[in-house]
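Per-entry structural report
Take a look at the letters that make up each chain.
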Amino acid sequence: MTITLYGGQRTRASMPRWYMEEKGIPYNLVELDLQAQEHRQPDFLTINPFGKLPALEDDSLQGPDGQPLKLFESGAILLHLAEQHSSDIHSAAERALTSQWLLFANATLAIALFVPSNREREFPRLMGELNRQLDPGHPLVGQSWGAADCAVQAYLAYLPIFFPDIDLSPYPVIQTMIERVRERPAYQIAMGAR
C-alpha cells in the first residue's frame with residue numbers, strides 16, 4: 001500500500017499529514033512549489049483537476065477509473081484516512097459526528113477565522129461555544145484523538161500564528177488546547193515547531 005500526500009507551503013495538507021503522523025500511517029509526501037505553479041501542471045491536474053492542495057493518492061483502493069483512489073479537500077482526505085487506515089470510527093454515529101466536525105472546521109471555523117468580515121461577526125460567538133464544548137482531556141468523537149480533533153485543533157493552533165493580536169484570554173480551554181497541541185511531536189513534524 002502506498003499513500004501519497006501532495007502538499008505545499010501554507011496549505012491545508014498539514015492537517016492530513018499531522019493525522020498520518022499521529023496514527024503512524026505510512027505515506028509519501030510530495031511538496032509542490034506553488035510559486036512555480038507545479039499545482040497547475042497537467043500531471044498534477046490528473047490528481048486534482050482544480051489544481052488545489054492538498055490531494056491524496058491511495059493505491060489500496062481503486063477509483064472509478066481503475067487507477068489508485070484520488071482525493072482532494074482536506075476534510076474528505078481526513079475522513080478517508082480515519083475510515084480506511086485507522087481504527088477511529090467504530091459506528092455510523094461516530095462517522096456522522098466526525099463528518100460534522102470536519103465540515104464545521106473547514107466551512108464554519110475556517111471562514112470565521114480567515115475572512116475578516118466574518119471574523120469580526122462570528123469569532124466571539126464560535127470561540128465562546130467551542131470553549132464550552134472542548135475538553136482538552138477528551139476527544140470530540142469516540143475514545144481517542146481522531147480526525148475531528150485534528151481538523152478543529154489545527155485551526156485553533158493557527159490563531160497565535162496568523163493572528164497574534166487576538167486576545168484569547170476569554171477562552172481558557174482553547175488556550176490550554178493550543179498549548180497542548182503545539183507540544184505534540186506529530187504536530188511539530190507536520191506543522192513545524194512554530
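Since this is a predicted model, take the numbers as computed values, not measurements.

**Here we look at the sheet that holds strand S4 (residues 68-72)**
Read across the sheet, four strands follow the order S2-S1-S3-S4 without closing on themselves; strand pairing throughout is mixed. Of all strands in the sheet, those bounded by a partner on one side alone are strand S2 (28-31) and S4. Within this sheet the neighbouring strands show an average axis-to-axis angle of 20°, counted without direction. Both strand S3 (residues 55-62) and S4 contribute to a ladder of five bridges, which runs antiparallel. In the sheet register, Ala-55 faces S4, and the bridge partner there is Phe-72. The sheet strands contacting helix H1 (residues 14-23) are strand S1 (3-7), S2 and S3, and the helix crosses S1 at an angle near 145°. Strand contacts of helix H3 (residues 74-85): S1, S3 and S4, with the helix running at about 30° to S3, the strand carrying the most contacts.

**Looking at the packing of aromatic side chains**
What the rule picks out here adds up to 13 aromatic pairs. Judged by centre distance (5.6 Å) and plane angle (75°), the rings of Tyr-158 and Phe-162 are edge-to-face. In this pair, Tyr-158 and Phe-162 are both assigned in helix H6 (residues 147-162), four residues apart and thus about one turn of the helix distant. Take Tyr-158: its relative accessible area is 7%, and that puts it in the buried class. On the accessibility criterion, Phe-162 (28% relative accessible area) is partly exposed. Taken together through their ring pairs, the aromatic side chains of Phe-114, Tyr-155, Tyr-158, Phe-162 and Phe-163 make up a single cluster.

**With respect to the environment of Tyr-155**
Among the secondary structure elements, Tyr-155 is positioned in helix H6. The exposure class of Tyr-155 is buried, given its relative accessible area of 1%. The spatial distance from the C-alpha of Tyr-155 to the C-alpha of Asn-106 is 8.7 Å, given a sequence separation of 49 residues. When neighbours within four sequence positions are excluded, Tyr-155 is seen to be in contact with Arg-12, Met-15, Ala-105, Asn-106, Leu-109, Ala-110, Leu-113 and Phe-114.

**Quick notes on the nonpolar core**
Generally speaking, soluble globular proteins have nonpolar side chains that are buried together. One finds Trp-18, Met-127, Leu-130 and Leu-156 to be the most contacted residues of the largest nonpolar core, which totals 53 residues. Looking at this core element by element, the count peaks at eleven residues for H6. Those residues within four positions of Leu-130 in sequence are excluded, and the remaining contacts are Trp-101, Phe-104, Leu-109, Val-152, Leu-156 and Ile-174. Core analysis: the next-biggest nonpolar cluster, separate from the first, contains six residues, Leu-32, Phe-44, Ile-47 and Ala-55 among them.

Cut-offs applied
Residues numbered from 1 in each chain as written. Predicted model: local features only at pLDDT ≥ 70, side-chain atom pairs only at ≥ 80, totals over all residues. Heavy atoms only, no water. Pairing = 2+ DSSP bridges. Helix = DSSP H or I, 4+ residues; strand = E, 2+ residues; numbered from the N terminus. Axes fitted to C-alpha atoms, helices over the stretch in contact; angles between N-to-C directions. Contact = heavy atoms within 4.5 Å. Phe/Tyr/Trp six-rings, centres within 6.5 Å; stacked < 30°, edge-to-face > 60°. Buried < 20%, exposed > 50% of the residue type's maximum accessible area, 1.4 Å probe, protein only. Core = buried A, V, L, I, M, F, W, Y, C linked by side-chain atoms within 4.5 Å.

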